[in-house]
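# Close look at the chain arrangement
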Amino acid sequence: MTNEEAIRLRILNDRYYSATSTPEEEAERLRLLDDRLLPDEFKPDREMMRILDSITIPKGLEERISAKIDSLAKAEHLGEAAKKNTHRRKLRIIWSAAASTAVAVALGFTFLFTGQDNDHPGSDLTPEETYAQVDKALTLFANALDRGYREAYKAEMTAGTATSKALEALSKITNDTNNK
């Protein structure tokens, strides 16, 4: 790997971990991480990406989440705000638990399968460097999760507005029909 490629990879890593990278930059980052002459400083990033790629999302998860969001929007429209808030809290707790589990599994795999010998378990990083990397990864994860919550809220609000307008139009049609 050339010095310019290493500098570019550092920039791409910073953008990736701050959740500001584009899909093209992420593809370039993955290409650079696959370089056979990858410097040691980037090997934990490559290992993390391999572990994340090996995690499979349960079949039908997206549909179940969409259905849950739709049911929450319907409950809100029908005046069940208290029930909706309870569901939202439960959903956040479930997502938080799932996210924490995914991070724990990924970190566990990283520490179990990094190929270190038993005389020196873990990595060659100091505790401060390890803490900094974990903090950076968790910050990235929290930012991505927050972005997901914001997008889900926008979708929920849009669905609620659309449902409200549809019910108003239906009510108007019903009233017009009854008045004739």
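Residues numbered from 1 in each chain as written. Predicted model: local features only at pLDDT ≥ 70, side-chain atom pairs only at ≥ 80, totals over all residues. Heavy atoms only, no water.

Each helix and strand counted, the protein chain has six helices and zero strands in total. Listed by position from the N terminus, the elements making up the protein chain come as α-α-α-α-α-α. Among the 180 residues that make up the protein chain, the fraction classed as buried is 17%. In the protein chain, of all internal contacts separated by at least 6 residues, the share reaching a separation of at least 24 is 55%. As displayed, the protein chain has an accessible area near 12900 Å², and 59% of this comes from carbon and sulfur atoms. (Helix = DSSP H or I, 4+ residues; strand = E, 2+ residues; numbered from the N terminus. Buried < 20%, exposed > 50% of the residue type's maximum accessible area, 1.4 Å probe, protein only. Contact = heavy atoms within 4.5 Å. Areas by Shrake-Rupley, 256 points an atom, 1.4 Å probe, with all protein chains shown as cover.)

The next thing to look at is the confidence of the model for the protein chain. Scored by pLDDT, the protein chain comes out at a mean of 78, with 82% of its residues at no less than 70. Looking over the protein chain, one finds the lowest element-wise mean pLDDT in helix H5 (residues 81-112), namely 69, and the highest in helix H2 (residues 23-33), namely 91. (pLDDT = per-residue confidence, 0-100.)

Here the focus is helix H3 (residues 43-54). Taking 1.5 Å as the rise per residue, H3 with 12 residues should run 16 Å; its terminal C-alpha atoms sit 17 Å apart, in good agreement. Of all the positions in H3, only Asp45, Arg46, Met49 and Ile51 are classed as buried. (Expected span 1.5 Å × (residues − 1).)

Tallying each qualifying case throughout the model produces seven salt bridges. In this structure, the salt-bridge partner of Arg10 is Glu41, at a minimum N-O distance of 2.6 Å. Of the two residues, Arg10 sits in helix H1 (residues 3-17) while Glu41 sits in the loop between H2 and H3, which places them 31 residues apart along the sequence. (Salt bridge = Lys/Arg side-chain N within 4 Å of Asp/Glu carboxyl O.)

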